[in-house]
Amino acid sequence: MTRDQMFAHLRAANDVAREAAAHGHHPFGCVLVGPDDRILMRQGNINTVRHAETELSRRAADAYPPDFLWSCTLVTTGEPCAMCTGTLYWANIGRLVYGFEETKLLALTGDHAENPTMNLSSRTVLGSGQKPVEVHGPIPEMEEELLAPHIGFWQR
């Protein structure tokens, strides 16, 4: 995936995040991109436990064979939490692209009860496994754009 493709898919994921927020959900979004650069699935956050990346990974695992998913990329606005990263791993999705780090989100959410962030990077979670999942992120040039839906959201 080229840098321009990453940018385009991160913007698509951010559109999903904005839509989730418009429906009263947390402003997170992700897309599953196939090996031909087509978006196969979109998913926004549902609640504190049903995160966008976890839901998408589960749906993808039900819809596609593991060998195909290994050639796919999960593109998400923010760095996935440990739960989401683990689900991506078990779903056999071979690549992860994220826009901003979990630490950037923590600076906005503080100790908000609906987002008790964990200081555990996706690289650390994936590095503990046996499969070499490829990780790209953060993408500093896009952080401000991708964090925009979170500005003010967590102070409600």
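Residues numbered from 1 in each chain as written. Predicted model: local features only at pLDDT ≥ 70, side-chain atom pairs only at ≥ 80, totals over all residues. Heavy atoms only, no water.

Going by an unreviewed UniProt entry, the chain carries the name Nucleoside deaminase and comes from Mesorhizobium jarvisii.

J.: Is there a simple way to think about the pairing of strand E1 (residues 29-33) in this case?
T.: The side chains of a regular strand alternate, first on one face of the sheet and then on the other. Burial within E1 is extensive, with five of its five residues counted as buried. Of the two faces of E1, both are covered, the one formed by Gly-29, Val-31 and Val-33 as well as the one formed by Cys-30 and Leu-32. Bridging between E1 and strand E2 (residues 39-44) involves five bridges; their strand directions are antiparallel. Bridged to Leu-32 within E2 is Met-41. Linking E1 to E2, which pair antiparallel, is a turn of five residues; within it Asp-37 sits at a positive phi near 75°. As paired strands, E1 and strand E3 (residues 73-78) are joined by four bridges and run antiparallel to one another. By the bridge assignment for E3, Leu-32 is matched with Leu-74. (Buried < 20%, exposed > 50% of the residue type's maximum accessible area, 1.4 Å probe, protein only. Helix = DSSP H or I, 4+ residues; strand = E, 2+ residues; numbered from the N terminus. Pairing = 2+ DSSP bridges.)

J.: I tried to follow the environment of Met-41 on my own but got confused; where do I start?
T.: Its place among the elements puts Met-41 in strand E2. Given a relative accessible area of 8%, Met-41 falls into the buried group. Along the chain, Met-41 and Leu-56 lie 15 residues apart, while their C-alpha atoms are 7.2 Å from each other. If we ignore the near neighbours within four places in the chain, the residues touching Met-41 are Cys-30, Val-31, Leu-32, Leu-56, Arg-59, Ala-60, Ala-63 and Tyr-64. (Contact = heavy atoms within 4.5 Å.)

J.: Would you mind showing me how to read the environment of Ser-71 here?
T.: Among the structural elements, Ser-71 can be located in the loop between helix H3 (66-69) and E3. For the pair formed by Ser-71 and Arg-95, sequence separation is 24 residues and the distance between their alpha carbons is 7.6 Å. Aside from chain neighbours lying at most four places away, what touches Ser-71 is Gly-34, Pro-35 and Arg-95. A polar contact is formed between the side chain of Ser-71 and the backbone oxygen of Phe-68, at a distance of 2.6 Å. (Polar contact = N/O pair within 3.5 Å; in protein donor to acceptor, adjacent residues only side chain to side chain.)

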